[in-house]
Amino acid sequence: MTRNMICIGCPMGCELTVEVENGRAVSVTGNTCGIGRKYAEAEVSAPTRMVTTTIMSDSGVPVPVKTRTAVPKEKIFDVVSAVKSSVIRLPARIGDTAVENAAGTGIDVIVTKDVG
Ligand code: SF4
């Protein structure tokens, strides 16, 4: 099976063609650097994404947050739900943990902008 995807490793956005056998990438073309090959291999076998969203503060002001590391794609909805059902106390500072171990992923959600 052939899969086409765009590398998100940098703004160049190389168009990758990936030959997939038994759920694994056996060849990658179209990448300009090794990051593209690694991205394609991970995207085929265990895709992940950084999650960025906002969390509500105790004063009603939304606070921008993101996951500390990339989240398995199938857990994104659960992580967003965990954030949306939480409230952070102000003031919030960049790097503060907003939600610990979001949705049992072992990944924390952290503040990305000072608020309050
Ligand atoms: S393959 Fe390399 S150069 Fe191309 S988009 Fe990915 S990171 Fe950028």
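The rules we used
Residues numbered from 1 in each chain as written. Predicted model: local features only at pLDDT ≥ 70, side-chain atom pairs only at ≥ 80, totals over all residues. Buried ≥ 20, exposed ≤ 12 C-beta atoms within 10 Å, placed from the backbone. Helix = DSSP H or I, 4+ residues; strand = E, 2+ residues; numbered from the N terminus. Arc of directions from axis to C-beta. Contact = placed C-beta atoms within 7 Å. Domains from an automatic or database assignment. Core = buried A, V, L, I, M, F, W, Y, C linked by C-beta atoms within 7 Å. Pairing = 2+ DSSP bridges. Axes fitted to C-alpha atoms, helices over the stretch in contact; angles between N-to-C directions.

### A word on helix 2 (residues 76-84)
Step number 1: Residues Ile76, Val79 and Val83 constitute the buried set of helix 2. Looking straight down helix 2, one finds that the buried residues subtend no more than 65 degrees of arc, so they occupy a single side. Those residues of helix 2 that are exposed and angled more than 90 degrees off the buried face are Phe77, Ser81 and Lys84.
Step number 2: Buried residues along helix 2 sit in contact with strand 4 (48-49), strand 5 (52-57), strand 6 (62-67), strand 7 (71-72), strand 9 (97-99) and strand 10 (109-111).

### Quick word on the domain arrangement of the chain
Step number 1: For the chain, the assigned domains are domain 1 (2-46) and domain 2 (52-111).
Step number 2: Inter-centroid distance (C-alpha atoms) of domain 1 to domain 2 is 29 Å.

### So, the nonpolar core
Step number 1: Ranked by internal contacts, the top residues of the largest apolar core, which has 17 residues, are Val63, Val65, Val83 and Ala98.
Step number 2: Those elements that place two or more of their residues in this core are strand 6, helix 2, strand 9 and strand 10.
Step number 3: By residue number, the principal contributor to this core is helix 2, which donates three residues.
Step number 4: Beyond its immediate chain neighbours, meaning those up to four positions away, Ala98 contacts Ile55, Val63, Val65, Ser86, Ile88, Val109, Ile110 and Val111.
Step number 5: Grouped together as the second largest cluster of nonpolar side chains are eight residues, Cys7, Leu16, Val18 and Val28 included.

### Quick notes on the environment of Asp78
Step number 1: One can find Asp78 in helix 2.
Step number 2: Distance in space between the C-alpha atoms of Asp78 and Arg49 is 13 Å, their sequence separation being 29 residues.

### Section: the sheet that holds strand 5
Within a beta sheet, neighbouring strands are joined by backbone hydrogen bonds and run either parallel or antiparallel to one another.
Step number 1: One open sheet holds the five strands; their spatial order is 8-5-6-10-9, and the pairing between them is mixed. Each having just a single partner strand, strand 8 (87-88) and strand 9 make up the two edges of the open sheet.
Step number 2: Taken together, the three bridges between strand 6 and strand 10 define a ladder with antiparallel strand orientation. Residue Lys66 lies in a different strand from strand 10, and its bridge partner there is Ile110.
Step number 3: The strands touched by helix 2 are strand 5, strand 6, strand 9 and strand 10; relative to strand 5, the strand with the most contacts, the crossing angle is about 20 degrees.

### Digging into the sheet that holds strand 1 (residues 2-6)
Step number 1: Strand order in the open sheet formed by three strands is 1-2-3, with antiparallel pairing between adjacent strands. Because the sheet does not close on itself, it has two edges, and the strands there are strand 1 and strand 3 (24-29). Averaged over all adjacent pairs, the angle separating strand axes in this sheet is 30 degrees, with direction ignored.
Step number 2: Pairing of strand 1 with strand 2 (residues 15-21), which is carried by five bridges, proceeds in the antiparallel orientation. Within strand 2, the position partnered with Asn4 by the bridge is Thr17.
Step number 3: The strands touched by helix 1 (residues 34-45) are strand 1, strand 2 and strand 3; relative to strand 3, the strand with the most contacts, the crossing angle is about 150 degrees.

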